[in-house]
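# Fold and geometry: a report
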Amino acid sequence: MPVLSGEVTASAPDGDLVAAVPDNLATLDPADANNTLDQSVGRLFLQGLLGFDKDMKVVPVLAEGATANADATEFTFILRNGVKFHDGTPFDAQAVKINLERIANPANHLKRQSLLAMLDHVEAVDPHTAKVVLKSPFGAFMNTIAHPSLAVHSPAAIEKYGKVLGRHPVGTGPFTLVSWAPDTLKARRNPDYWKTGWPKVSTVTVRSVPENGARIAMLQTGEAHYIYPLPTEMVKAVQANPKLDIINAPSIIPRILAMNTRKKPFDDVRVRRALNYAVDKEALIRVAWSGYADQMDSPEPPQLIFHQKGEPWPHDVAKAKQLLADAGQADGFETELWGPNSTLAVRVMQFIQQQFAQVGVKLTVTPLEAGLFVSRLFSVPRPEDAQVQMCYIGPSASTGDADWQFRPLFSTGGFPPVMYNVSYYSNPAVDKDIQDGLLTADPEIRAKAYADAQRRVWEDAPAVWLSVDRILDAKTKALRGAYRIPDGGLLLDDSEFV
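Notes on the structure in this doc start here.

Calculation rules
Residues numbered from 1 in each chain as written. Predicted model: local features only at pLDDT ≥ 70, side-chain atom pairs only at ≥ 80, totals over all residues. Heavy atoms only, no water. Pairing = 2+ DSSP bridges. Helix = DSSP H or I, 4+ residues; strand = E, 2+ residues; numbered from the N terminus. Buried < 20%, exposed > 50% of the residue type's maximum accessible area, 1.4 Å probe, protein only. Contact = heavy atoms within 4.5 Å. Axes fitted to C-alpha atoms, helices over the stretch in contact; angles between N-to-C directions. Arc of directions from axis to C-beta. Polar contact = N/O pair within 3.5 Å; in protein donor to acceptor, adjacent residues only side chain to side chain. Phe/Tyr/Trp six-rings, centres within 6.5 Å; stacked < 30°, edge-to-face > 60°. Lys NZ or Arg CZ within 6 Å of the ring centre and 35° of its normal. Expected span 1.5 Å × (residues − 1). Salt bridge = Lys/Arg side-chain N within 4 Å of Asp/Glu carboxyl O. Left-handed = near helix turned anticlockwise from the far one by under 90°. Nonpolar A, V, L, I, M, F, W, Y, C, P; charged D, E, K, R; others polar.

Across 6 bridges, the pairing between strand β8 (residues 175–181) and strand β9 (residues 184–189) is antiparallel. Residue pairing in the sheet places W180 in a bridge with L185 of β9. What sits between the antiparallel neighbours β8 and β9 is a turn of 2 residues.

What follows is about the environment of P90. Examined against the element boundaries, P90 turns out to sit in the loop between β5 (74–79) and α2 (93–104). With relative accessibility at 47%, the residue P90 sits in the partly exposed group. Placed 58 residues apart in sequence, P90 and P148 show a C-alpha to C-alpha distance of 21 Å. Discounting chain neighbours no more than four positions away, the residues touching P90 are V83, K84 and F85.

Below, the discussion takes up the environment of F75. Looking at where F75 falls in the secondary structure, it is placed in strand β5. F75 gets classed as buried once you look at its relative accessible area, which sits at 0%. When the C-alpha positions of F75 and K362 are compared, they lie 52 Å apart, and in sequence the two are 287 residues distant. Setting aside residues up to four positions removed in sequence, F75 forms contacts with T67, A68, A130, K131, V132, L134, F138, F141 and M142.

Strand order across the open sheet formed by 4 strands is β4-β5-β7-β6, with antiparallel pairing between neighbours. Every other strand in the sheet has two partners, leaving β4 (63–68) and β6 (119–126) as the edge strands with one partner each. Between one strand axis and the next, the sheet turns through 20° on average, direction left out of account. Two strands pair when backbone bridges link them, and β6 and strand β7 (residues 129–134) are joined in this way by 6 bridges, in the antiparallel orientation. Considered in β7, the bridge of V122 is made with V132. Packed onto the sheet, α2 meets β5, β6 and β7 and runs at close to 175° relative to β6.

For helix α13 (residues 428–436), the set of buried residues is V430, D433 and I434. For α13, the angular spread of the buried residues around the axis is 95°, confining them to a single face. Exposed side chains of α13 directed beyond 90 degrees from the buried face belong to P428 and K432. Where α13 is buried, its residues touch α12 (403–410) and α14 (443–460). The distance from a side-chain oxygen at the start of α13 to the backbone nitrogen of A429 is 2.9 Å, and the residue carrying that oxygen is N427.

On to the pairing of strand β16 (residues 390–393). The side-chain alternation of β16 yields two buried faces, one formed by M390 and Y392 and the other by C391 and I393. Pairing of strand β12 (residues 244–259) with β16 involves 4 bridges; the strand directions are antiparallel. When the sheet's bridge partners are listed, L257 is paired in β16 with Y392.

Taken as a whole and judged by the stated rule, the model has 14 aromatic pairs. Between F378 and Y420, the ring centres sit 5.6 Å apart and the planes meet at 80°, which makes this aromatic pair edge-to-face. Highlighted residues: F378 in helix α11 (residues 370–378) and Y420 in the loop between α12 and α13, separated in sequence by 42 residues. For F378, a relative accessible area of 23% gives the class partly exposed. Every member of this aromatic cluster is reached through a ring pair, and the members are Y277, F306, W313, F406, F410, Y425, Y450, W458 and W465. The residue whose ring lies beneath K195 is W198, and the NZ or CZ to ring-centre distance is 4.5 Å. One Lys or Arg, R376, reaches over the ring of W338 and ends 5.1 Å from the middle of that ring.

What follows is about unusual backbone geometry. With an omega of -15°, the peptide bond between Y228 and P229 qualifies as cis. Here P229 shows up in the loop between β11 (226–227) and α6 (235–239). Of the consecutive residues P416 and P417, the connecting peptide bond is found in the cis state with omega at 5°. Following the sequence through the fold, P417 ends up in the loop between α12 and α13. You will see that H109, though not glycine, has its phi angle at about 55°, which is positive. For H109, the location among the structural elements is in the loop between α2 and β6. The class of H109 is exposed, set by a relative accessible area of 67%.

Turning our eyes to something else, we now look at α2. With 12 residues, α2 should reach 16 Å at 1.5 Å per residue; the first-to-last C-alpha distance of 16 Å fits that figure. Listing the buried residues of α2 in full gives A93, A95, V96, N99, L100, R102, I103 and A104. Where α2 is buried, its residues meet β5, β6, β7, α3 (141–145) and α4 (155–161). Two or three places before Q94, at the start of α2, stands the capping residue D92, its side-chain oxygen 3.2 Å from that residue's backbone nitrogen.

Our next topic: the pattern of salt bridges. Considering all chains together, one arrives at 24 salt bridges under this definition. For the salt bridge of R102 with D29, the shortest nitrogen-to-oxygen distance reads 2.6 Å. Here R102, found in helix α2, pairs with D29, found in the loop between β1 (16–21) and α1 (36–42); they are 73 residues apart in sequence, far enough to count as distant. The pair formed by R102 and D29 is uniform in burial state, with each residue classed as buried. In the salt-bridge network here, residues are joined through shared partners; they are K200, R480 and E496.

So, on to the packing of α12 against α13. Between α12 and α13, whose axes approach to 10 Å, the crossing angle comes to 145°. Read as a crossing pair, α12 and α13 show a hand that is left-handed. Here α12 contributes F406, R407 and F410 to the contact with α13, which in turn contributes V430, D431 and I434. Partitioning the contact of α12 with α13 into residue classes produces 4 nonpolar, no polar and 2 charged.

Geometric descriptors of this kind do not, in isolation, establish any biological role.
If you want it as structure tokens, here you go:
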């Protein structure tokens with residue numbers, strides 16, 4: 001495993017940055033956050049050993065270097081010297097041990113405990129060396145430890161705040177918390193930040209503004225400097241303002257129609273393949289996203305490590321009908337599609353409804369409120385209890401590694417309620433591929449395992465492969481260094497006004 005290294009540069013800080021986002025914050029403890037926004041804002045205050053750059057490549061943060069043993073069971077991190085938490089507590093290997101073991105402990109009931117389910121213990125070898133020992137090989141650990149949920153708090157703050165730690169982030173990050181009301185959070189520059197000369201803005205304010213038009217208006221008037229997401233129908237309005245920029249970047253957020261492969265007729269691969277041919281993906285992208293999306297070419301988005309392109313599933317009504325006839329479904333069948341009740345999700349599902357009708361499949365579209373949707377899909381105790389037939393989902397591998405795209409979605413061990421395999425897809429060869437990809441940190445061996453997994457899952461088609469989102473945001477031209485990374489996470493650490 002190569003050693004990670006990185007340099008920092010300096011510049012004078014200045015300015016007050018306002019970001020308008022669509023949702024309210026729930027917690028500032030990333031380990032207990034189940035949404036990308038909470039984790040994004042947590043990055044202002046808290047940092048991990050490793051992190052992601054704008055392309056979701058792993059980079060050093062609080063660790064200057066990292067190495068792994070050959071069988072991917074021990075990972076050693078060389079920590080930065082002289083770093084302090086906001087409360088003056090030194091950052092050291094003991095702080096790493098306390099934080100990682102806190103997250104991994106099931107008794108703490110933290111929402112991101114599963115990320116460290118493989119952890120055995122952490123050794124504080126010396127103040128600036130931490131060795132992480134795993135129960136079993138886990139080749140994706142470097143990417144996993146870079147996940148924002150695994151950021152570190154001051155051990156003194158963990159002890160002081162306990163269950164309300166999420167209201168009191170005390171980390172090593174570039175900002176400290178000033179105030180947090182239901183719809184507005186304000187942070188101030190950390191004068192003792194370890195990265196000399198940073199941050200370059202004096203304060204950051206995060207405003208929760210659910211209505212699309214209101215966020216656009218704030219940007220147009222200068223009340224906000226960065227907004228997301230930018231609705232596709234409002235792109236032209238932003239383009240007309242010479243003081244604004246549009247950010248249009250690739251993501252790792254695929255959109256799929258998962259099919260319950262344990263229910264008829266989806267237990268027949270010919271039916272699943274037929275439905276892939278039945279959908280005109282190019283037309284879907286034009287209708288639903290105004291062209292601001294990309295067609296899927298693999299179960300894994302291109303921005304993820306080890307991506308391998310598969311054979312396309314072109315729109316072919318005749319082929320879809322023939323496959324359905326071969327499967328004994330020449331007259332079509334009736335089924336139900338669950339999905340979120342957002343405007344965009346309903347638009348997508350209604351388009352699919354029209355496409356399926358052309359091959360004789362009568363589809364009932366059932367939009368569900370977010371809590372009910374999650375409960376119906378992921379709280380099912382046994383596969384035989386699952387009522388889902390088809391569902392529209394957008395799973396994101398937020399570790400940036402192929403493991404988190406395949407193990408939760410396509411492994412036999414990933415059935416709900418453990419993880420997110422709502423297709424209830426099971427293929428022993430794919431299970432072996434996934435296991436092989438975790439048995440080593442050797443990138444060549446891992447690449448071969450995930451290439452095989454992608455080919456098998458793509459051909460088995462436990463889902464209708466639709467599209468991959470684009471990151472579509474807007475900002476003032478004067479702002480630089482603010483962006484969302486491919487998993488949708490917002491990074492404001494390196495923001496500056498020019």
